Amino acid sequence: ETGVTQTPRHLVMGMTNKKSLKCEQHLGHNAMYWYKQSAKKPLELMFVYSLEERVENNSVPSRFSPECPNSSHLFLHLHTLQPEDSALYLCASSQDWGGGVGGYIDTQYFGPGTRLTVL
Amino acid sequence: LAKTTQPISMDSYEGQEVNITCSHNNIATNDYITWYQQFPSQGPRFIIQGYKTKVTNEVASLFIPADRKSSTLSLPRVSLSDTAVYYCLVALDTGRRALTFGSGTRLQVQP
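Residues numbered from 1 in each chain as written. Chains lettered and ligands numbered in written order. Predicted model: local features only at pLDDT ≥ 70, side-chain atom pairs only at ≥ 80, totals over all residues. Heavy atoms only, no water.

Take the overall build of chain B next. What chain B contains, in helices and strands, is zero helices and nine strands. Projected onto its principal axes, the C-alpha coordinates of chain B cover approximately 45 × 30 × 20 Å. Per-residue burial for chain B yields a buried fraction of 48% across its 111 residues. Pairs at least 24 residues apart make up 56% of the contacts formed inside chain B by residues separated by at least 6 positions. Accessible area of chain B: about 5,500 Å², with a carbon and sulfur share of 48%. Put simply, chain B has 10 plus and 8 minus side-chain charges, and the middle of one group is 8 Å from the middle of the other. (Helix = DSSP H or I, 4+ residues; strand = E, 2+ residues; numbered from the N terminus. Buried < 20%, exposed > 50% of the residue type's maximum accessible area, 1.4 Å probe, protein only. Contact = heavy atoms within 4.5 Å. Areas by Shrake-Rupley, 256 points an atom, 1.4 Å probe, with all protein chains shown as cover. Lys, Arg positive; Asp, Glu negative; His and termini not counted. Charge placed at Lys NZ, Arg CZ, Asp CG, Glu CD.)

What follows covers the nonpolar core. Counting residues in hydrophobic clusters, the biggest one holds 22 residues, and the most contacted among them are A:Trp34, A:Phe64, A:Leu76 and A:Leu78. Put simply, the parts of the chain that give this core at least two residues each are β2 (10–13), β3 (18–25), β4 (31–37), β5 (44–50), β7 (64–70), β8 (73–79), β9 (87–94) and β11 (114–118) of chain A. Among the nonpolar cores identified, the runner-up in size contains 20 residues, and B:Ile27, B:Ile48, B:Val78 and B:Tyr86 belong to it. (Core = buried A, V, L, I, M, F, W, Y, C linked by side-chain atoms within 4.5 Å.)

With that settled, the discussion passes to the sheet that holds strand β8 (residues 84–90) of chain B. Residues and elements named next belong to chain B. Taken together, five strands build an open sheet; the order of strands is β1-β9-β8-β3-β4 and the sheet is mixed. The two strands at the open ends of the sheet, each matched to only one other strand, are β1 (9–13) and β4 (45–50). The average angle at which neighbouring strand axes cross in this sheet is 25°, direction not considered. Note that strand β3 (residues 33–38) and β8 share six bridges and pair antiparallel. Looking at the pairing, Thr 34 lines up with Leu 89 of β8. (Pairing = 2+ DSSP bridges. Axes fitted to C-alpha atoms, helices over the stretch in contact; angles between N-to-C directions.)

Moving on: the layout of surface pockets. The calculated volume of the largest pocket comes to roughly 420 Å³. Considering the residues around the largest pocket, the lining is formed by 20 residues, among which A:Gln37, A:Lys40, B:Val85, B:Tyr87 and B:Arg106 are closest to the centre. For the lining of the largest pocket, the secondary-structure elements that each account for two or more residues are β8 and β9 (105–110) of chain B. Here the residues of the lining of the largest pocket sort into eight nonpolar, eight polar and four charged. (1 Å grid on protein atoms, 1.4 Å probe; cavity = no way out; pocket = protein on both sides within 12 Å on 5 of 7 lines; lining within 4 Å. Points joined across faces, edges and corners; volume = space filled by probe spheres on them. Nonpolar A, V, L, I, M, F, W, Y, C, P; charged D, E, K, R; others polar.)

What follows is the structure, encoded as structure tokens:
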């Protein structure tokens, strides 16, 4: 699927580097997400943006800094990362944050991810 | 908070029907149950979502008993390409509408 794209697909960085991950969705959605998936671990929700406002920050260290300049783009700025931050970083989008009535959750569409290696 | 429990792994052969059961004893009254599929080094992909009884689409069926404390994803006649991790999700009952992915079930389909 090309609805959600992520760049770069692979990234190797040193602990003192600064880099950014980019996500773009072409689905007209209002909500965007960052997830982290470490080896053999469940996906961890990091941040949620709804209508360009951050609505969730799941105790993510400050070395990860998200940015959502508009509803189609989402960035994750990285600085002074640690080797344990090496993981697959996934971006997702959904029509809305909160979905419809009650406990209905809008379908999330994921990008292919960025494989990050911190040396 | 609703928490899900699934088998860690399952094995099957091509052409068989696979049923993966998820337990969610603390599911809230309004919560829906959603299943995703993830292939290695890819993002998860939505499979099916339901609230009660049975839901069927072109990919799978979802069975939810009356008490809604569990659900079963049924994959008819699996093929090698169905080898993946399958996640059962229930929204956190906090009004935040956050999705928590558990460890999932790793399905291995053999020829």
